[in-house]
Amino acid sequence: MFSILRTLWLVFINMFYKPITVKYPEEKPELPARYRGRIVLTRDPDGDERCVACNLCAAACPVDCIALEPALRGDGRRYPRFFRINFSRCIMCGMCEEACPTYAIQLTPDFEMAEYNRRDMVYEKEHLLISGPGKYPGYNFYREAGAEMGVKRAGEGEHERGPMDLHSPLPGSLDQEEQSRK
Amino acid sequence: MYSVLWSLLSIIIAMFGSLTVAAGLIMVERRLLGIWTRRYGPNRAGPFGLLQVAADMIKIFFKEDWVPPFADRTVFVMSPAVIFMTVLMSFMVVPLSPFVVSSRLNVGLLFFLAMSSLGVYSIVLGGWASGSKYPLLGSIRSITQMLSYEAFMGLSVVGVVLFAGSFNLVDIVKAQKGLWFVIPQLPAFIIFLIGGVAVIHRLPFDLPEAESELVDGYHTEYSGMKFGLFFVGEYLGIVLISAMTVTLFLGGWLGPGLPPIIWFLLKTAACIVLIILLRASLPRPRIDQLLTFGWKVLLPLALVNILVTGAIYIAIQ
């Protein structure tokens, strides 16, 4: 009996609190910086596109909404000839961002992507590529990962195996174990 | 001649007034539920969302009105009209002010109880004629619930009738000039309110249509305007129970300063808000809990109330 009256009272005094609703089209909600929204392709600080067309994002994507085709540039660097994201399938899970080795693909705090025409939901590379470095300013994959630091070369460490002979018909591992025993 | 015209006018006022209020409640209820859960409720259509009523009406008029092939067509079509009519008939005896009364029936209170009993037919027939299991389960529940709670509702007003010495609702209000019946008849007031909410099967006593167990209860198979009639009938029921509570216990149109009809409307509005607050806050009991509470708590309470009131009445005489 008392609990019923208490419940009635507690519900009633909610009237005097400010509603938590955000009146959306007039007021925009405050989105956190790591909000998983519209996907972009970023550039490194030099203005070169970061994507190396490794296809890891397309492999990681659980709904297969990413399509791209690698190509070689004049200087031997890989780049995507086309890069297409079908946002009508995308679930904004962020797995592509986690898979990307070069921080090229990133999710941004923007969700206002509604279209009247379903075909307009397919974004091509020119729609995805932005002119800045996104969440990682100053990061350039080729300067930080796999770069020569002048310490030791591959296979010269204390317990490190030497590089595999790619052209040998023998299984690489056996060959290397023999080498290391010597 | 003049009196006939006047009561015709009163009928029109009561009918259009109650229908307008019932339609407005569709929006007011959602708005209040929103406010009590720290939301806004429907506030987009028109100023303060007032045009939501019009939007809902347009929507429900243009919905497909489908009769299932396995339903008993005649009864199926008829039953939504029954609840609508019985509730609207009850408004006939409700005195809005000393002058705005559609009918000064000398058995007004009994007429109200009879009409609310007839309302059960609508739900029972609707559930039966639908020809499927959940509506039938809902109407079985509504028989047990509404018939038992009508008993307590009828018993609770006996004290009021004893004090007023009349079944005429105008006389009952006039008898409250000195003291509103809510004070000497507090247990009866509480029983009447609980019984009333159960009889119009509003939340928390909406067992005949419990969505979480019975899909939508007796109106599962209804669509379009037939469903709309059930819906408006339910809201009319809220207005009716509030108006009857005000008439029987809260002094009807009596009050200082303001014109009588304004007092009546204000009190009724407060009662409606209370019933919506019950919906916003309380969970639904099981059907056995509901009936146990009715027969083991409310019935003895109502009987004791009658005994004590009768004893006091005889002692005063």
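Residues numbered from 1 in each chain as written. Chains lettered and ligands numbered in written order. Predicted model: local features only at pLDDT ≥ 70, side-chain atom pairs only at ≥ 80, totals over all residues.

Chemist: Describe the interface of chain A and chain B, listing the residues and the values that go with them.
Modeler: With 11 residues of chain A at the interface, the matching set in chain B holds 10 residues. Here the side of chain A that touches chain B is built from residues that sort into eight nonpolar, three polar and no charged. (Contact = placed C-beta atoms within 7 Å. Nonpolar A, V, L, I, M, F, W, Y, C, P; charged D, E, K, R; others polar.)

Chemist: Residues and numbers for the environment of Met146(B), please.
Modeler: All names here are of chain B. Following the sequence through the fold, Met146 ends up in helix 5 (residues 133–156). The spatial distance from the C-alpha of Met146 to the C-alpha of Ser166 is 25 Å, given a sequence separation of 20 residues. Discounting chain neighbours no more than four positions away, the residues touching Met146 are Val120, Val199 and His201. (Helix = DSSP H or I, 4+ residues; strand = E, 2+ residues; numbered from the N terminus.)

Chemist: Describe the environment of Leu307(B), with residues and values.
Modeler: With respect to the helices and strands, Leu307(B) occurs in helix 12 (residues 287–316). In this structure Leu307(B) comes out as exposed when scored by C-beta crowding, with 11 C-beta atoms within 10 Å. (Buried ≥ 20, exposed ≤ 12 C-beta atoms within 10 Å, placed from the backbone.)

Chemist: Account for the sheet that holds strand 5 (residues 122–123) of chain A, with residues named and values stated.
Modeler: Read from one edge to the other, the open sheet built from three strands follows the order 2-3-5 (chain A), with strand pairing classed as antiparallel. The open sheet is flanked by strand 2 (66–72) and strand 5 of chain A, the only strands paired with a single partner. (Pairing = 2+ DSSP bridges.)

Chemist: How would you summarise the confidence of the model for chain B if you had to cite specific residues and measurements?
Modeler: Do not read the predicted coordinates in detail wherever pLDDT is low. All names here are of chain B. Summary statistics for chain B give a mean pLDDT of 85 and a share of 100% for residues scoring 70 or more. Summarising per-element confidence for chain B, the mean pLDDT is lowest in helix 9 (residues 211–214) (77) and highest in helix 11 (residues 260–281) (89). Both scores are given for the predicted complex: the pTM is 0.75, the ipTM 0.75. (pLDDT = per-residue confidence, 0-100.)

Chemist: Which residues make up the pairing of strand 2 of chain A, and what are the values?
Modeler: Residues and elements named next belong to chain A. One ladder, built from seven bridges, connects strand 2 with strand 3 (residues 78–86); its direction is antiparallel. Residue Leu72 lies in a different strand from strand 3, and its bridge partner there is Arg78. With antiparallel pairing between neighbouring strands as the criterion, strand 2 and strand 3 make up a hairpin whose turn holds five residues, including Gly76 at a positive phi of roughly 85°.

Chemist: Tell me about unusual backbone geometry, and please be specific about residues and values.
Modeler: Residues and elements named next belong to chain A. Unusually for a residue other than glycine, Asn55 sits at a positive phi of about 75°. On the neighbour-count criterion, Asn55 (15 C-beta atoms within 10 Å) is partly exposed. In this structure, Asp64 is a non-glycine residue whose phi angle is positive, near 55°. Relative to the assigned elements, Asp64 resides in the loop between helix 2 (56–60) and strand 2.

Chemist: Tell me about the nonpolar core, and please be specific about residues and values.
Modeler: Phe192(B), Val197(B) and Val239(B) are the most contacted members of the largest nonpolar core, which has 84 residues in total. The leading source of residues in this core is helix 10 (residues 224–249) of chain B, at 15 residues. In contact with Val197(B), other than residues within four places in its own chain, are Arg202(B), Phe205(B), Ile241(B), Ile275(B) and Leu278(B). Listed in part, the 18 residues of the second largest apolar core include Ile39(A), Cys65(A), Ile66(A) and Tyr123(A). (Core = buried A, V, L, I, M, F, W, Y, C linked by C-beta atoms within 7 Å.)

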